[in-house]
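Examination of the molecular architecture
The residues making up each chain are set out below.
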Amino acid sequence: MKVINFGSLNIDLVYRVHDFARPGETISALSFSRFAGGKGLNQSIALARAGAQTLHAGAVGKDGGFLLDILRESGVDCSAVAIDDQAPSGHAVIQVADSGENVIVLFPGTNHRITEESIRQTLSRAEAGDILLLQNEISSIPEIMREAAARRMRIFLNPAPMTQAVPDYPLELTDTLIVNETEWDALKSHKLPDGLNVLKTLGAHGAVYNDTIRVPAEKVDKVVDTTAAGDTFIGYFIAELLRGQDIESAMKTASAASAWCIRRAGAAVSIPWRRDL
Ligand code: RIB
């Protein structure tokens, strides 16, 4: 069984600062780095480094070659990623403060140029029971969900970043929703379909599945950078399920992987391989 992750690929422009810039303020960055990122790319890397068979689908511009390199080096099949020479790749401007927290501004670029043809072609490679993983950084999410459901895939949706469109997505087609506290706050007042599984990630407070299974977060003495911690959790959680682990053990491994990630700087580069845990 494989995972098809239809997701964003971003160039992360990361500025380390003592504190985030406030409205009207100009501050100097302490350092600047350019990393591979995007919730989609990060989650594919976590899946593959955890050992799951992973096909990534999406689009990059001519500037996105290094994004594909790190995916391939991690074991991700990139044959469903289109190279679109009409637009630049998506990018993210990220401030990381001394606390390890971040603020992010996204430019979608090619992530918002997903075509009907690529949806049809990619999902024609799915078998019933395969997992479709989605975040909310690409265009055409409802169309992808409908096509995947028609092919009897299991849909895992991470609606990040949250937008007003999410409650109108065909959530009844979703097997599992994976949300952080902010995303859950925005969604919980809406009528959600019966039988939807909800996995909430709560940062330093761990994670909870369907309000019944709780797993604490691993203690981390020095948080360096929380970027991609949630993505690492999601990739490892799904990979563990595919290895036949139960929900609780999958959450525990995902939590350990996430703790490893926040002890290091960057997004994709800070995601552990299974042997690191
Ligand atoms: O989840 C972290 C990711 O969010 C970053 O890599 C950035 O690209 C944004 O998409």
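Residues numbered from 1 in each chain as written. Predicted model: local features only at pLDDT ≥ 70, side-chain atom pairs only at ≥ 80, totals over all residues. Heavy atoms only, no water.

This structure, assessed with the given rule, holds 14 salt bridges. With a closest N to O distance of 2.6 Å, Arg 113 and Asp 84 form a salt bridge. You can see Arg 113 sitting in the loop between strand S7 (102-107) and helix H3 (116-123) and its partner Asp 84 sitting in the loop between strand S5 (77-83) and strand S6 (90-96), a full 29 residues away along the chain. Judged by its relative accessible area of 37%, Arg 113 falls in the partly exposed class. Connected through salt bridges with shared partners, the residues Glu 240, Arg 243 and Arg 274 form a single ionic network. (Salt bridge = Lys/Arg side-chain N within 4 Å of Asp/Glu carboxyl O. Helix = DSSP H or I, 4+ residues; strand = E, 2+ residues; numbered from the N terminus. Buried < 20%, exposed > 50% of the residue type's maximum accessible area, 1.4 Å probe, protein only.)

Two residues of an α-helix separated by three or four positions point the same way, owing to the 3.6 residues in each turn. Among all positions of helix H4 (residues 141-150), only Ile 141, Pro 142, Ile 144, Met 145 and Ala 148 are buried. Each buried residue of H4 sits inside an arc of 160° when the element is viewed along its axis, so together they form one side. Where H4 is buried, its residues meet strand S1 (3-6), H3, strand S8 (131-134) and strand S9 (154-157). Two residues or fewer after H4 comes Arg 152, characterised by a positive phi angle close to 60°. (Arc of directions from axis to C-beta. Contact = heavy atoms within 4.5 Å.)

Another aspect to go through is the nonpolar core. Judged by nonpolar contacts, the single largest core of 41 residues is most densely connected at Leu 9, Leu 41, Leu 71, Leu 199, Phe 237, Ile 238 and Met 251. Elements that contribute at least two residues to this core include exactly strand S2 (10-16), helix H1 (39-49), helix H2 (65-73), S5, S8, strand S12 (207-209), helix H6 (229-242) and helix H7 (247-262). No other element matches H6, which puts six residues into this core. In contact with Ile 238, not counting residues within four places along its chain, are Val 3, Leu 47, Ile 131, Leu 133 and Phe 156. Residues Ala 148, Leu 157, Tyr 169 and Trp 184 belong to the second largest nonpolar core, which totals 30 residues. (Core = buried A, V, L, I, M, F, W, Y, C linked by side-chain atoms within 4.5 Å.)

The complete set of buried residues in H2 reads Leu 67, Leu 68, Ile 70 and Leu 71. The buried residues of H2 occupy one face: seen down the axis, they fall within an arc of 165°. Those residues of H2 that are buried lie in contact with S2, strand S3 (31-37), H1, strand S4 (54-60) and S5. Note on H2: the residue one or two positions beyond its end, Gly 75, has a positive phi of about 100°.

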